[in-house]
Amino acid sequence: NAANPSAYNLDGSITRREMLKVMMNLSSVEVTDTCEGKFADLKSSDWGCKYAEAALKAGFIAANTNFRPNDLVSKSEALKMVMQAKGLAKKEGVTPWQKAYVEAWVEAGITTAFSDYTSVAKRSMVIVTADAASTTTGGDVADGSDDLNLGDIFGNGTTTGSSTGVTSTETT
């Protein structure tokens with residue numbers, strides 16, 4: 001569905017379930033089609049389960065009881081997840097954690113600083129961030145090419161379910 005950008009709802013927000021799919025698509029971590037039920041609120045039949053469990057196994061997210069798949073992702077959480085997927089480090093010795101990721105991104109010359117860490121990320125912001133991270137790390141998207149496109153980031157362009165809540169914890 002990469003030929004139809006409107007299918008990706010670029011002005012819309014993004015859920016934790018969707019963001020982990022993005023994260024895993026950007027990373028070099030293999031995602032298997034299995035789900036062991038590591039999170040109480042994510043059924044093994046949920047399409048996002050395999051991404052959450054792969055992210056957990058890779059150490060991208062914490063082993064909490066609940067995953068909160070429908071919570072919306074903040075700008076700082078999206079930035080952190082993209083940076084983790086691409087192996088980019090936060091700025092050490094900076095608190096809160098959100099500021100550490102933003103400052104590392106600013107110092108790399110990729111974005112301007114922001115301090116509203118809980119504002120909800122737009123899917124378009126995720127694309128810009130993912131593209132910048134891929135450029136910074138020399139490409140290397142899921143299909144092995146240097147060309148980052150909407151399909152690389154979001155998959156087939158379809159989303160389901162509603163999203164509620166915003167979180168601002170380190171355990172993204």
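Residues numbered from 1 in each chain as written. Predicted model: local features only at pLDDT ≥ 70, side-chain atom pairs only at ≥ 80, totals over all residues. Heavy atoms only, no water.

A.B. asks: Describe in detail the overall build of the protein, supporting the description with residues and values.
C.D. replies: Along its length, the protein carries six helices and zero strands. Listed N to C, the secondary structure of the protein is α-α-α-α-α-α in terms of helices and strands. For the protein, the proportion of its 172 residues judged to be buried stands at 45%. Sequence-distant contacts in the protein: of pairs separated by 6 or more residues, those separated by 24 or more amount to 71%. Here the protein has roughly 8200 Å² of accessible surface; of this, 47% comes from carbon and sulfur atoms. (Helix = DSSP H or I, 4+ residues; strand = E, 2+ residues; numbered from the N terminus. Buried < 20%, exposed > 50% of the residue type's maximum accessible area, 1.4 Å probe, protein only. Contact = heavy atoms within 4.5 Å. Areas by Shrake-Rupley, 256 points an atom, 1.4 Å probe, with all protein chains shown as cover.)

A.B. asks: Please provide a residue-by-residue account of the packing of aromatic side chains, values included.
C.D. replies: To describe a pair of aromatic rings, one takes the distance between the centres and the angle between the planes. Counting across every chain of the model gives four aromatic pairs. Their ring planes at 55 degrees and their centres at 5.5 Å tell us that phenylalanine 39 and phenylalanine 67 sit as a pair that is tilted. Of the two residues, phenylalanine 39 sits in the loop between helix H1 (16-26) and helix H2 (49-58) while phenylalanine 67 sits in the loop between H2 and helix H3 (75-85), which places them 28 residues apart along the sequence. The two residues phenylalanine 39 and phenylalanine 67 agree in class, both being buried. Taking the ring centre of tryptophan 97 as reference, the NZ or CZ of lysine 80 above it sits at 4.9 Å. (Phe/Tyr/Trp six-rings, centres within 6.5 Å; stacked < 30°, edge-to-face > 60°. Lys NZ or Arg CZ within 6 Å of the ring centre and 35° of its normal.)

A.B. asks: Please give an account of the nonpolar core that cites residues and values.
C.D. replies: Membership of the largest hydrophobic core comes to 38 residues, with the highest contact counts inside it found for Ile14, Met19, Leu20, Phe39, Ile61, Phe67 and Ala78. Residues within four places of methionine 19 in sequence aside, it is in contact with Ile14, Val73, Ala78, Met81, Val82 and Val126. (Core = buried A, V, L, I, M, F, W, Y, C linked by side-chain atoms within 4.5 Å.)

A.B. asks: So what about the state of the cysteines? Which residues, and what values?
C.D. replies: Summed over the entire model, instances satisfying the criterion amount to one disulfide. Bridging cysteine 35 to cysteine 49, the disulfide has an S-S length of 1.4 Å. Taken together, the positions of cysteine 35 in the loop between H1 and H2 and cysteine 49 in helix H2 put the pair 14 residues apart, joining distant regions of the chain. Residue classification places cysteine 49 among the buried positions, given a relative accessible area of 0%. (Disulfide = S-S within 2.5 Å.)

A.B. asks: Tell me about the environment of serine 28, residues and numbers included.
C.D. replies: If you trace the backbone, serine 28 turns up in the loop between H1 and H2. On the accessibility criterion, serine 28 (74% relative accessible area) is exposed. Spatially, the C-alpha atom of serine 28 lies 8.2 Å from that of lysine 86, the residues being 58 residues apart in sequence.

A.B. asks: Residues and numbers for the pattern of salt bridges, please.
C.D. replies: Two side chains that carry opposite charge are able to pair once their charged atoms sit near each other. The tally for this structure, following the rule as stated, stands at eight salt bridges. Ionic pairing is found between arginine 123 and glutamate 18, a salt bridge with its closest N-O pair at 3.3 Å. In this pair, arginine 123 sits in helix H5 (residues 123-136) while glutamate 18 sits in helix H1, placing the two residues 105 residues apart along the sequence. Relative accessible area serves as the criterion here: at 10%, glutamate 18 is assigned to the buried category. Salt bridges sharing common partners tie together Lys91, Lys99, Glu103 and Glu107. (Salt bridge = Lys/Arg side-chain N within 4 Å of Asp/Glu carboxyl O.)

A.B. asks: Go over unusual backbone geometry, please, and point to the residues and values.
C.D. replies: Put simply, threonine 95 and proline 96 share a cis peptide bond, and its omega is -5 degrees. Secondary-structure assignment places proline 96 in the loop between H3 and helix H4 (97-107). One non-glycine residue, arginine 68, adopts positive backbone phi at about 60 degrees. Tracing the chain through its elements places arginine 68 in the loop between H2 and H3. By relative accessible area, arginine 68 is classed as partly exposed at 24%.

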